[in-house]
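Listed below, chain by chain, are the residues.
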Amino acid sequence: MSTKTISLTENVYQYILKHGLREEPVLQELRIETAKLPSAMMQISPEQGQFIKLLIQIIAPRLIIEIGTFTGYSSTCMCLSLPSDGKLIACDISEEYTNMAKRYWQKAGLLKKIDLKIGPALSSLDQFLKEGMPNKVDFIFIDADKANYINYYERGLSLLRPGGLMAIDNVLWGGLVADPSVNDKDTMIIRELNNLIHQDKRVDLSLLPLGDGLTLVRKR
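The model shown is predicted, which means the values in this text are computed figures rather than measured ones.

Criteria and cut-off values
Residues numbered from 1 in each chain as written. Predicted model: local features only at pLDDT ≥ 70, side-chain atom pairs only at ≥ 80, totals over all residues. Heavy atoms only, no water. 1 Å grid on protein atoms, 1.4 Å probe; cavity = no way out; pocket = protein on both sides within 12 Å on 5 of 7 lines; lining within 4 Å. Points joined across faces, edges and corners; volume = space filled by probe spheres on them. Nonpolar A, V, L, I, M, F, W, Y, C, P; charged D, E, K, R; others polar. Helix = DSSP H or I, 4+ residues; strand = E, 2+ residues; numbered from the N terminus. Axes fitted to C-alpha atoms, helices over the stretch in contact; angles between N-to-C directions. Parallel < 35°, antiparallel > 145°, perpendicular 65-115°, else oblique. Contact = heavy atoms within 4.5 Å.

1. Details of the layout of surface pockets
For step 1, the next point in the chain: The calculated volume of the largest pocket comes to roughly 560 Å³.
For step 2, the next point in the chain: If you trace the largest pocket, you find 31 residues lining it, with M42, F70, D143, A144 and K146 closest to the centre.
For step 3, the next point in the chain: When grouped by side-chain class, the residues that make up the lining of the largest pocket number 14 nonpolar, 11 polar and 6 charged.
For step 4, the next point in the chain: The computed volume of the second largest pocket comes to approximately 290 Å³.
For step 5, the next point in the chain: In this structure, the second largest pocket is lined by 14 residues; those nearest its centre are L8, I16, E47, P209 and L210.
For step 6, the next point in the chain: Broken down by element, the residue count for the lining of the second largest pocket peaks at 4 residues, all from helix 3 (residues 46-59).
For step 7, the next point in the chain: Looking at the lining of the second largest pocket residue by residue, the class counts come to 9 nonpolar, 4 polar and 1 charged.

Dropping the structure here:
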């Protein structure tokens, strides 16, 4: 028994991967290729991907919005568990990175389930709001530029149906959010978002020490 979360040493982390990770070959291949990129740290961890994949299996969403796709690991995780009539809208600004994502979506047989929107995510979200999607989305995953995290959260909450889930990555920001001596723009925005969600009576929440910190939000 323990009154707080266990410290995650390298030995414990490797044990988690060995005994808790079931990673499909297409995901492992994508993760290995992405690891060679200069921006590889932008990819979520495999155990985090598996956790989100399990959430999708549990709630069986019909419509997902992903804000920040990178090379496609998280979207592939989600779509592998998406029902046959489900759809994921992927929002990203990079054609270079999403071209890699599309290769792996094709390998996994997921292309028909994914609608890729290239351009500023805020513009895409605003368009969705105009197109009659408020209160229609089942699941939203946010993992994009931190400067717009609060904007993504607010627009996402408007799109999310009552009872729908939102997952927000990087909410611990390498531990910097807990260091009062660190006050750069991104850190300050993530702190502000964490405070906002904590006080937000529109949602239920859980902040998990998974990956770089993952907050789950359920719209009331």
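2. Focus on the packing of helix 7 (residues 149-159) against helix 8 (residues 185-199)
For step 1, the next point in the chain: Contact geometry of helix 7 with helix 8 gives a least axis separation of 9 Å together with a crossing angle of 30°. When the axes of helix 7 and helix 8 are compared, the pair comes out roughly parallel. Residues Y149, I150, Y153 and E154 of helix 7 pack against I189, E192, L193, L196 and I197 of helix 8.
For step 2, the next point in the chain: Residue classes in the contact of helix 7 with helix 8 are distributed as 7 nonpolar, no polar and 2 charged.

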